[in-house]
Amino acid sequence: MPIKIVNDTPIWQRREPLQQRLIWFGYFLALMLFLLCWKIISDNTIWEFLSDAHIQAASLIGRMIPPDWSITGSLLLPLWDTLNIATVGTALGVLIAFPLAFLAARNTSPHPSLRAFALAIIVSSRSINALIWAILLVTIVGPGLLAGMIAIALRSIGFVGKLLYEAIEEIHPTPVEAVSSTGAGRMQVLAYSVLPQIMPAFAGITVYRWDINIRESTVLGLVGAGGIGLQMNAAINNLAWGQVATVFVLIFATVIFSEWVSAKVRHAVI
Amino acid sequence: MSQSPQLLEPRLLAAKSGSWRPKPKISNASLRWGLNAAVLVYLVLLYFSVDINWSRVAQGMDRGLAFMGSFLTPDFISRGGEIAIGLRESLTMTFAATVIGILLAIPVGLGAARNIAPTPVYFFCRAIIALSRTFQEIIIAILFVAMFGFGPLAGVVTLAFATIGFMAKLLAEDIEDAQRDPMEAVRATGASWLQWINYAVQPQVMPRLIGLSLYRLDINFRESAVIGIVGAGGIGATLNTSINRYDYDTSAAVLLVIIGIVLMSEYLSGYVRKWTA
């Protein structure tokens, strides 16, 4: 136990002196790095804009309240589009992620090189936000729902694939041995011993991703990929902050609803 | 296991005659058929309500192929300066925002833990968390750009704000799961509130807090690539410009840089987590 003697009285210390100094040194390095970062940011910031930030904020909030409810009716169809983007996107992403997860899991992968390939796809898909995919896809397939759906799908592949292959790696090996000892083929082993074990996790992951996708698809319209984000973008460009506030309230309600559904389903399957 | 032999009998007979089927995943038949019907109705609705301009899609196909091809020939050089500036801004924004966000998230997280915070503080901190978690970073970025003007400061504030909700929620859950015995032991010595937090709570949550901080650093970097689209600084602006110019070779280079950094940070956080746990 590290003890420090002060005026002949032993005082208990939590750490050895060297360890304590190393930790302080680590904090010092982090502080220096932070100050360096802050300097770069500060150099690139026009601080004059900040002097009236509180006035801007007050006027922004003032113009948002009360929300302009008159446009609610015209927002319902875009909201339905947003739900469709999220749902179809999740379905497409899951369809691709499902076989990919079996290739990426150590215990079911047919070959190490296939495993590396699958892992590379999963990492690439996870690294890039749906909004970036959407910008790209809008230039490729044109503005609209399809770009949004594919963007959501591309982003979901990595997320679902990663969680699913981790679930596959954690399965119990005994049923696999039992089924293979009956002389079952490779696909039969997967279908009758691996699949039943990962089904609850699979359902949970899918619904969880659907919930996240609802949030993400609300903003895809900002870059032209359809849904309620288009209306939000139009309102922002017109500086009609009352309408923006209405969109925010609708998004908030949708997100709460999808979170509730996802919590219910995950509660039921796990 | 607790089923009676009479119930098992038909399945055993079926197995002997070679016509065994696995049990359905959802045992309640009406729920099963209800779900199937709901999916069918949804698909019909989808078919009639979604209209996609297939001729436009067909037109874009060569552009899509060009983009995929550019991943094989990424161009890091001709816009190298812009990529380097954007990347530096993204990395500095990420680090500064993560530090500020975590420093602010710690008090909020302490306040949002039911076992150590008084009820009014608990509800106040939970409200902050809910507000920060509901809206996408990009929406928050739009508002902060409107307030603070274009540039990386709006990005830092956005990322820090999003970090508060994420970190505080997970920290609060971790504190709520912490063991009671050390807390009671330290309190019994007559420790002050700060000493109590420092010696009874902090050691229990620190390893997870470090892991989550690294994870959030990773998330903030990925998000910093997005919020540049609305003018909040970072590599997102570079990426957006290159895509709008159909300069796919540069876009591919930026995307590869992002993927590389995320991959690196994933390996790094794996090491640090092994080392702190």
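Residues numbered from 1 in each chain as written. Chains lettered and ligands numbered in written order. Predicted model: local features only at pLDDT ≥ 70, side-chain atom pairs only at ≥ 80, totals over all residues.

Peer 1: How would you explain the overall build of chain B if you had to name every residue and give the values?
Peer 2: A count of helical and extended segments in chain B gives 11 helices and 0 strands. Along chain B, helices (α) and strands (β) appear in the sequence α-α-α-α-α-α-α-α-α-α-α when read from the amino end. Projected onto its principal axes, the C-alpha coordinates of chain B cover approximately 75 × 75 × 35 Å. Of the contacts formed within chain B by residues at least 6 apart in sequence, a portion of 71% connects residues at least 24 apart. (Helix = DSSP H or I, 4+ residues; strand = E, 2+ residues; numbered from the N terminus. Contact = placed C-beta atoms within 7 Å.)

Peer 1: Talk me through the overall build of chain A; I want residue IDs and the actual numbers.
Peer 2: Per the secondary structure count, chain A includes 10 helices and 2 strands. Ordered by position from N to C terminus, the α and β elements of chain A give β-β-α-α-α-α-α-α-α-α-α-α. Since a compact globule built from 270 residues should have a radius of gyration of about 18 Å, the 26 Å found for chain A marks it as more spread out than a globular shape. Along the first, second and third principal axes, the C-alpha atoms of chain A reach 75 × 75 × 35 Å. (Rg over C-alpha atoms; globule rule 2.2 N^0.38 Å.)

Peer 1: Could you give an account of the interface of chain B and chain A, with specific residues and numbers?
Peer 2: Taken together, the 48 residues of chain B in the interface contact 44 residues of chain A. At the level of elements, α2 (29-49), α3 (54-70), α4 (80-111), α6 (137-148), α7 (152-176), α9 (193-227), α10 (235-244) and α11 (248-276) of chain B are the ones that each hand at least two residues to the side of chain B that touches chain A. When the residues that make up the side of chain B that touches chain A are grouped by side-chain class, the tally is 31 nonpolar, 11 polar and 6 charged. (Nonpolar A, V, L, I, M, F, W, Y, C, P; charged D, E, K, R; others polar.)

Peer 1: Let's hear about the pairing of strand β2 (residues 9-12) of chain A: which residues, and what values?
Peer 2: Two faces belong to every sheet, and in a regular strand the side chains alternate between them. Residues and elements named next belong to chain A. Where strand β1 (residues 3-6) lies against β2, 4 bridges are found, and the strand directions are antiparallel. Its bridge partner lying in β2, I3 is registered against W12. Connecting β1 to the antiparallel partner β2 that follows it, the hairpin turn spans 2 residues, and N7 within it adopts a positive phi of roughly 50°. (Pairing = 2+ DSSP bridges.)

Peer 1: Could you give an account of the domain arrangement of chain A, naming the residues involved and the relevant values?
Peer 2: Per the domain assignment, the segments making up chain A are domain 1 (3-64) and domain 2 (70-269). Each of domain 1 of chain A and domain 2 of chain A was reduced to a C-alpha centroid, and the two centroids are 37 Å apart. (Domains from an automatic or database assignment.)

Peer 1: Can you tell me about the nonpolar core, naming the residues and giving the values?
Peer 2: Within the largest apolar cluster, 132 residues are counted, with the highest numbers of intra-cluster contacts made by L131, A134, L137 and A151 of chain A. Residues within four places of L131 of chain A in sequence aside, it is in contact with V219, L220 and V223 of chain A together with I138, V226 and I229 of chain B. (Core = buried A, V, L, I, M, F, W, Y, C linked by C-beta atoms within 7 Å. Buried ≥ 20, exposed ≤ 12 C-beta atoms within 10 Å, placed from the backbone.)

Peer 1: With reference to specific residues and values, describe the environment of F252 of chain A.
Peer 2: Among the secondary structure elements, F252 of chain A is positioned in helix α10 (residues 241-269). Since 15 C-beta atoms lie within 10 Å of it, F252 of chain A is described here as partly exposed.

Peer 1: Please provide a residue-by-residue account of α7 of chain B, values included.
Peer 2: End to end, α7 of chain B covers 36 Å across 25 residues, agreeing with the expected 36 Å (1.5 Å per residue, within 8%). Of all 25 residues in α7 of chain B, 22 are buried; the element is thus mostly enclosed. (Expected span 1.5 Å × (residues − 1).)

Peer 1: Can you tell me about unusual backbone geometry, naming the residues and giving the values?
Peer 2: Residue and element names in this part refer to chain A. Geometrically, the link from I65 to P66 is a cis peptide bond, its omega value of 0° lying close to zero. Within the element layout of this structure, P66 appears in the loop between α2 (53-64) and α3 (72-104). Although it is not a glycine, D8 adopts a positive phi angle of roughly 65°. With respect to the helices, strands and loops of the structure, D8 is situated in the loop between β1 and β2.

Peer 1: Could you give an account of the packing of α3 of chain A against helix α8 (residues 186-217) of chain A, with specific residues and numbers?
Peer 2: Residue and element names in this part refer to chain A. Where α3 contacts α8, the axes come no closer than 9 Å and their chain directions differ by 145°. Between α3 and α8 lies a crossing whose hand is right-handed. Between α3 and α8, the residues in contact are T82, I85, A86, T87, G89, T90, V94 and F102 and L190, T206, R209, W210, N213, I214 and S217, respectively. (Axes fitted to C-alpha atoms, helices over the stretch in contact; angles between N-to-C directions. Left-handed = near helix turned anticlockwise from the far one by under 90°.)

Peer 1: Break down the environment of G226 of chain A for me, with residues and values.
Peer 2: Residues and elements named next belong to chain A. Structurally, G226 can be placed in the loop between α8 and α9 (228-237). C-alpha of G226 to C-alpha of G148: the two residues are 78 residues apart in sequence and 6.4 Å apart in space. Excluding its chain neighbours within four sequence positions, the residues that come into contact with G226 are D81, I85, G144, L145, G148, L220 and G221.

Peer 1: Summarise the packing of α3 of chain A against helix α6 (residues 145-169) of chain A; cite the residues concerned and give the values.
Peer 2: Residue and element names in this part refer to chain A. Axis separation between α3 and α6 bottoms out at 6 Å; the angle between their running directions is 40°. Classified by the interaxial angle, the pair formed by α3 and α6 is oblique. Considering only the axes of α3 and α6, their crossing is right-handed. Class assignment of the residues belonging to the contact of α3 with α6 gives a composition of 20 nonpolar, 7 polar and 1 charged. (Parallel < 35°, antiparallel > 145°, perpendicular 65-115°, else oblique.)

Peer 1: Describe the confidence of the model for chain B, listing the residues and the values that go with them.
Peer 2: With 96% of its residues at a pLDDT of at least 70, chain B reaches an overall mean of 85. The ipTM assigned to the predicted complex is 0.80, against a pTM of 0.82. (pLDDT = per-residue confidence, 0-100.)

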